[in-house]
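This is what each chain is made of:
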Amino acid sequence: QLSGRGLRALGDNFAGMGTEGTEGTEEEAVSGQCPIFEQKLSLPESFEVLNEIDCAIWVSSYAPGSTGFMWANKAGLVLWGKSSVEEFAKVDIVTDRSDAVAQVHDDLYQHTMAGTVKTGRRTMYPNGKAHVLDLEFRPILINITATGEEIKGMIVTAKKVQMRDEGDQEATRALEMIRHSRTMSMLFDTEGKLIYSNQSANNFYQMTPTGTGTASSTQEMMTLRGMLETCEFETEEELNGKLSEIQALRTGDAQSNMQVKKNMTGHCWIAIQFIATKDPVSGNP
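A few points on the structure. (Residues numbered from 1 in each chain as written. Predicted model: local features only at pLDDT ≥ 70, side-chain atom pairs only at ≥ 80, totals over all residues. Heavy atoms only, no water.)

## As for the pattern of salt bridges
Phase 1 of the analysis: Taken as a whole and judged by the stated rule, the model has eight salt bridges.
Phase 2 of the analysis: Measuring nitrogen to oxygen at the nearest pair gives 1.8 Å for the salt bridge that ties Lys 118 to Asp 107. Of the two residues, Lys 118 is situated in strand β5 (residues 116–124) and Asp 107 in helix α4 (residues 99–114); the sequence distance between them amounts to 11 residues.
Phase 3 of the analysis: Classification of Asp 107 as partly exposed rests on a relative accessible area of 24%.
Phase 4 of the analysis: Put simply, Glu 245 and Lys 242 hold a salt bridge, and the shortest N to O gap is 3.3 Å. Of the two residues, Glu 245 and Lys 242 are both situated in helix α8 (residues 236–247); the distance of three residues between them amounts to about one turn of the helix.
Phase 5 of the analysis: Given the relative accessible area of 11%, Lys 242 is considered buried. (Salt bridge = Lys/Arg side-chain N within 4 Å of Asp/Glu carboxyl O. Helix = DSSP H or I, 4+ residues; strand = E, 2+ residues; numbered from the N terminus. Buried < 20%, exposed > 50% of the residue type's maximum accessible area, 1.4 Å probe, protein only.)

## What about the pairing of strand β3 (residues 56–61)?
Phase 1 of the analysis: With six of six residues buried, β3 is to be regarded as a mostly interior element.
Phase 2 of the analysis: Two elements, β3 and strand β7 (residues 150–160), share five bridges in a ladder whose sense is antiparallel. Looking at the pairing, Ala 56 lines up with Ala 158 of β7.
Phase 3 of the analysis: As paired elements, β3 and strand β4 (residues 68–72) share four bridges and run antiparallel to each other. Within β4, the residue paired with Ser 61 across the bridge is Gly 68. (Pairing = 2+ DSSP bridges.)

See the structure below:
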């Protein structure tokens, strides 16, 4: 419980922050602009009241060249397994980051500068242990008391999502491994609609998440046929034949392999494997 003075301070400085987190999926939602940058928040003084909240909260900068953690409340330190704010601020989130994480950081920087709030569900690995979290990233204007420096950053609130069992945790970890892999991975249904693509595939095919960018470059516009059309076939009949062969694959069938020249990025050669699987819920291929 917060005292009245603490509640007033929280309301004045972090109105609408939403410490309960947000419901969501792996797809992220973006809210409208918020009235930020009207008031500078002193770090750490303005944030001390957040130590009374039993919800992990931290402050980060996603500016190129200075991406990193800046502060965390007590619940945030517990989540990240750190004994102090100083230890937390030393965590390196840039070196050895994957292409997917680099894209996330750049996206959060764009939202910081635009003044838009972003929410979503992500899997993070404090101390190597998977935590599925509902996150809200809210832009704020920060005045660092020790140096007098003024920067635009993000205050992050995190609500832990309870996993049902170890199987859920392993499935989540497996999906995250695919997401961060440099090997391009794409999942299509039997009609050729794209269900999932990892960051490497998004970068190669220059796709942006559904709901962003231009219609021609979003994930929802990519199809199995569209992916094959970026390959060089001798004839249209050869392309159609390969498409039919792939769509006819079912679980247990031998995978379909092809080595083709791509006609979209300097005519590079690429090896592609098509492996049949099925929806574990519906049983559909």
